[in-house]
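Overview (structure and organization)
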Amino acid sequence: MDLGIKGKRALVCASSKGLGKGCAMKLAEAGVNLVINARGAEALEATAAEIREATGVEVTAVAADITSEEGRAKVLEACGEIDILVNNAGGPPPGMWQDWEREDFIKALDSNMLTPIALIKALVPGMMERGWGRVVNITSQSVKSPIGILGLSNSARAGLTGYVAGTSRQVASSGVVMNNLLPGLHETDRAVSLAKGTSAKEGIPYEEVIAKRNAANPTGRIGTAEEFGATCAFMCSQYVGFMIGQNILLDGGVGNTTM
Ligand code: NAP
């Protein structure tokens, strides 16, 4: 399917690995030129080379911490005119509700709420002027169905969701489409480290944690970065002009709700 976005330019944050990389690769397959980002330069350059080799699009790689003001400035300087923004960053650490202090919340809010908002504020005005833009915020299934030990994530992402709900409707008439994409469990480094954490905490072998986790999903497995990226690319396509401020859940049906 031609997504109708060939030649557009996208910033995909936190994209040397995992879900961000999945999104970058699928946008590149649709002919979108990219600015990709992560803190670690080595993995980032390797991903940039892999995407160029696979798709032939232009890829600019900017090694920077997207959650810091200096990091964002460095990324934005390399951006030029951006048509598509995919907001992403590492998730906050797990823990227990009674242990989190103000500083922990501030850090989570900075990473997973205020960073995407800062990038929206920096890039959406240009999209509005040009009459076309797409924003996809990678959040989490925890927005719809809280995960107790990820309370910092539940809180920060709910804040971003509220902001996007209002803002997406304010910018829609300018041709800017803004939505959130909510991953359930996907096969990435983050999922491996969460499973290792459960294994250590509960004293269960890692393989058993994985088997239980997969069995708990209606599909009998967890998601892949490739299918996640394909959904993201569709949400950045020409075909989503009437999808505004939505929260698209990709969880294999594990959230047992009717709507
Ligand atoms: P991942 O496999 O750990 O990959 C994270 C990517 O982001 C890496 O490229 C990493 O590179 C980069 N990154 C992390 N922090 C960064 C920062 N401050 N600045 C720039 N780049 C940064 O993670 P993932 O599984 O793809 O998860 C992506 C997001 O989705 C996270 O917020 C996660 O909480 C959320 N999520 C994931 C799942 C899942 O099952 N995978 C489920 C629900 C929600 P560097 O480390 O080199 O910076």
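Residues numbered from 1 in each chain as written. Predicted model: local features only at pLDDT ≥ 70, side-chain atom pairs only at ≥ 80, totals over all residues. Heavy atoms only, no water.

Looking only at helices and strands, the protein chain features eight helices and seven strands. Against the compact-globule benchmark of 18 Å for 259 residues, the protein chain has a radius of gyration of 18 Å, which places it among compact chains. Overall, the C-alpha framework of the protein chain stretches about 55 × 40 × 40 Å when taken along its three principal axes. Across the 259 residues in the protein chain, those meeting the buried criterion constitute 48%. (Helix = DSSP H or I, 4+ residues; strand = E, 2+ residues; numbered from the N terminus. Rg over C-alpha atoms; globule rule 2.2 N^0.38 Å. Buried < 20%, exposed > 50% of the residue type's maximum accessible area, 1.4 Å probe, protein only.)

Once that is clear, we can look at a negative patch on the surface. A grouping of D99, E101, E103 and D104 is seen on the molecular surface, where their side chains present a negatively charged patch. What makes E101 partly exposed here is its relative accessible area of 47%. (Patch = residues over 30% accessible without salt bridge, like charges linked within 9 Å, V, L, I, M, F, W, Y side chains within 5 Å. Areas by Shrake-Rupley, 256 points an atom, 1.4 Å probe, with all protein chains shown as cover. Salt bridge = Lys/Arg side-chain N within 4 Å of Asp/Glu carboxyl O. Lys, Arg positive; Asp, Glu negative; His and termini not counted. Charge placed at Lys NZ, Arg CZ, Asp CG, Glu CD.)

Let's shift gears to the sheet that holds strand β3 (residues 59–63). The strand order β3-β2-β1-β4-β5-β6-β7 describes an open sheet built from seven strands, whose pairing is parallel. Pairing within the sheet leaves two strands with one partner each, and these edge strands are β3 and β7 (247–250). If you compare each strand with its neighbour and ignore which way they point, the axes differ by 15° on average. Across six bridges, strand β5 (residues 133–138) lies against strand β6 (residues 176–183) in parallel orientation. Its bridge partner being in β6, R134 is matched across the sheet by V177. Across the sheet, helix α1 (residues 18–29) lies against β1 (9–12), β2 (33–38), β4 (84–87), β5 and β6, angled at about 170° from β1, the strand it touches most. In the packing of helix α4 (residues 102–130) onto the sheet, contacts are made with β1, β4, β5 and β6, and the angle to β4 comes to roughly 170°. (Pairing = 2+ DSSP bridges. Axes fitted to C-alpha atoms, helices over the stretch in contact; angles between N-to-C directions. Contact = heavy atoms within 4.5 Å.)

Here we take up the packing of α1 against helix α8 (residues 225–235). Where α1 contacts α8, the two axes come as close as 7 Å, and the packing angle between them is 55°. Considering the angle they form, α1 stands oblique to α8. Of the two elements, α1 crosses α8, and the hand of that crossing is right-handed. Facing α1, whose interface residues are G18, L19, G22, C23, K26 and L27, α8 presents A225, E226, F228, G229, A230, C232 and A233. Class assignment for the residues of the contact of α1 with α8 results in eight nonpolar, three polar and two charged. (Parallel < 35°, antiparallel > 145°, perpendicular 65-115°, else oblique. Left-handed = near helix turned anticlockwise from the far one by under 90°. Nonpolar A, V, L, I, M, F, W, Y, C, P; charged D, E, K, R; others polar.)

Before going further, it helps to examine helix α7 (residues 206–215). What α7 keeps buried is the set V209, I210, R213 and N214. Down the axis of α7, the buried side of the element spans an arc of 125°, and every buried residue falls inside it. For α7, exposure combined with an orientation more than 90 degrees from the buried face picks out E207, K212 and A215. On its buried side, α7 packs onto α6 (189–202). (Arc of directions from axis to C-beta.)

Following the sequence through the fold, N88 ends up in the loop between β4 and α4. Within the structure, the side chain of N88 is placed 3.0 Å from the backbone oxygen of A14, a separation counted as a polar contact. Not counting the four nearest positions on each side in its chain, N88 is found in contact with C13, A14, G20, I66 and I138. (Polar contact = N/O pair within 3.5 Å; in protein donor to acceptor, adjacent residues only side chain to side chain.)

On to the site of the ligand, then. Near the ligand there are 28 residues, and of these S16, L19, A89, H186 and T188 occur at the shortest range. K17 is positioned such that a nitrogen or oxygen atom in its backbone is 3.0 Å from an oxygen atom of the ligand. Take T188: an N or O atom from its side chain is 2.4 Å from an oxygen atom of the ligand. Only α1, β2 and α6 provide two or more residues apiece to the shell around the ligand. Here the shell around the ligand is composed, by residue class, of nine nonpolar, 13 polar and six charged. Viewed by domain, the shell around the ligand spans two of them, domain 1 (9–186 + 224–250) and domain 2 (188–222), each represented by three or more residues. (Near = heavy atom within 4 Å. Domains from an automatic or database assignment.)

All right, on to the pairing of β1 then. The alternating pattern of β1 places R9 and L11 and A10 and V12 on opposite faces, both of which are buried. Where β1 and β2 come together, four bridges link them in parallel fashion. Within β2, the position partnered with V12 by the bridge is I36. Pairing of β1 with β4, which is carried by three bridges, proceeds in the parallel orientation. Bridge pairing in β4 places L11 opposite L85.

In this section: the environment of N33. Structurally, N33 can be placed in strand β2. With 27 residues separating them along the chain, N33 and T60 place their C-alpha atoms 8.5 Å apart. Sequence-distant contacts of N33, defined by excluding residues within four places in its chain, comprise G7, K8, R9, A10, V57 and E58.

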